[in-house]
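Summary of structural features
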Amino acid sequence: MTTPRINPGSTIGVLGGGQLGRMFAMAARRLGYRVHTLAPEHDTPTGQIADVEVVASYDDVDRVRAFAREVQVVTFEFENVPAAAAAAAAEVTFVRPSGAALEVAQHRIREKRFLTQHGLPVAPFAEVRTEDDLRAAVHAIGRPSVLKTAALGYDGKGQVAITEGVDPIEAWGQLGRAECVLEAFVDLEREISVIGARGVDGATSFFEPFDNTHRHHILDVTVCPADVPANVAFDAIEITRTVLEQLEYVGILCIEFFVTRAGKLLVNELAPRPHNSGHLTFDACRTSQFEQQVRAICGFPLGGTDLLQPAAMVNLLGDLWADGEPNWAAALAMPDVKLHLYGKASPRPGRKMGHLTVMAPTATHAKERALAARRLLVSGHAVRALQ
Ligand code: AMP
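What you are looking at is a predicted structure, and each value in this text was computed from that prediction instead of being measured.

1. Digging into helix H5 (residues 108-117)
Of the positions making up H5, those classed as buried are Arg108, Ile109, Glu111, Lys112, Phe114 and Leu115. Phi for Gly119, located one or two positions after H5, is positive at around 70°.

2. Some words on the sheet that holds strand S2 (residues 34-39)
Within a sheet, each strand pairs with its neighbour through backbone hydrogen bonds, oriented either parallel or antiparallel. Overall, parallel pairing links the five strands, which are arranged S3-S2-S1-S4-S5 in an open sheet. Looking at which strands have only one partner, the edges of the open sheet turn out to be strand S3 (52-55) and strand S5 (94-95). Summarising the sheet, strand S4 (residues 73-76) and S5 pair through two bridges and their orientation is parallel. Bridge pairing links Val73 to Phe94 in S5. Its contacts with the sheet put helix H1 (residues 19-30) on strand S1 (11-15), S2 and S4, and the angle it makes with S1 is roughly 175°. Sheet strands touched by helix H2 (residues 61-69): S1, S2, S3 and S4. Its angle to S2, the strand with the most contacts, is close to 175°.

3. Things to note about the side chain of Lys344
On the secondary structure map, Lys344 appears in the loop between strand S17 (337-341) and strand S18 (352-359). Within the buried core, Lys344 has no salt-bridge partner, and the shortest N-O distance to an opposite charge, that of Glu77, equals 8.3 Å. For Lys344, the side chain forms a polar contact with the main-chain oxygen of Lys352, separated by 2.6 Å.

Rules used in this analysis
Position numbers for residues count from 1 along each chain, tracking the sequence in the order it is written. Under the rules for a predicted model, residues below a pLDDT of 70 receive no local features and side-chain atom pairs below 80 are neither given nor counted, while totals for whole chains, interfaces and linings still include all residues. Only hydrogens and water are set aside; all other atoms, that is, all heavy atoms of the structure, feed into the side-chain values. Residue burial is assigned from relative accessible area. The probe radius is 1.4 Å, only protein chains are included, and a residue is buried under 20% of its type maximum, exposed over 50%, and partly exposed in between. Comment: elements are numbered from the N terminus, with helices defined as DSSP H or I runs of at least four residues and strands as E runs of at least two. Two strands are said to pair when DSSP picks up at least two bridges between them. Only heavy atoms enter the contact rule, under which two residues are in contact if any of them lie within 4.5 Å. Lines fitted to the C-alpha atoms define the axes, with helices restricted to the stretch that makes contact. Angles between their N-to-C directions range from 0 to 180 degrees. Just so you know, the count uses Lys and Arg for positive and Asp and Glu for negative, and it drops His and the chain ends. Between Lys or Arg on one side and Asp or Glu on the other, a salt bridge is scored when a side-chain nitrogen of the former is within 4 Å of a carboxyl oxygen of the latter. In the analysis that follows, any N or O atom pair within 3.5 Å is treated as a polar contact, provided that within protein one partner can donate a hydrogen and the other can accept it, and provided that, for residues neighboring in sequence, both atoms belong to side chains.

Quick look at the structure:
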């Protein structure tokens, strides 16, 4: 079946209102599209850039259907949209990626079953729905392990470590006794991610792997190129290609991987949307992940993904505001620093408020510069505290 191209001048609908939608909307508008967004909050990062901001619950299927009627294609910047909402949108317009792909990626059990069915490597895991399941899972998987809710987990939320001495039943109680997976704790050498795109015509394209460092389970620093052997980078891209093809996916998909100390690659999870680890593509790649998403879902050829120069991205969390407004001028005085802020009014601790990107002759140099710029943001604060 051939589907028509969705030409510039058309309207793209984004479900979700966060920074991913914001940067997607910027890319879409640069290409001449109009953008509508639907999210439960008002004045969202995406809504500030979009032509139209609809404030509605994702559960309000009628509002989602009405929203979809006004646009030529619907996409996501947030994957935890109910299946019913994606289905309602699909009654009236194109939904890319499809609700079926979303259903796999938004639920850890469906995701792990899909991956194992296709022979893709994941950490040992067991499904948990009852206390008996949990006892059997701890017996089979052992300790240390991580109990994770099957749905609605992100940035380490909905996870408890099952170490020696921890009562698994009590730990499960902390997760509201929700459906879970128990996953073996992986002896990590590093974490990488691959962002791939698949077009309406089945063409695929990949950014080279990103090397990610987390703090308190939240992405802290990404560098590219990743410091991994060529065969690991190749395998990670081939796994991403398999997932895109098996899901008949249209759009941007990110796969987060663990690289074990033994050099083995394991899939951690799928994100059916642009991803925080790809933010540096905005400045450092020929085509950003956001533009690639626009091209893929609108039926256009995918753009070149080459890295123009080694780069690093550091996240700016709300914690940086603890002693007042960060010192933007100090970081911006570094001419190689690109500052991105998401327009969020309340800088709560742990909240992603923005990021910095630096390009340099080596990834290590880029990372040092990006970290130095972030330190400068709060450098005046210590002085103020001493006064
Ligand atoms: P997730 O929300 O599943 O991506 O987990 C957030 C972070 O927790 C990961 O990026 C890892 O740093 C860490 N983590 C999660 N699962 C495991 C595991 N099975 N073994 C080791 N570290 C893990």
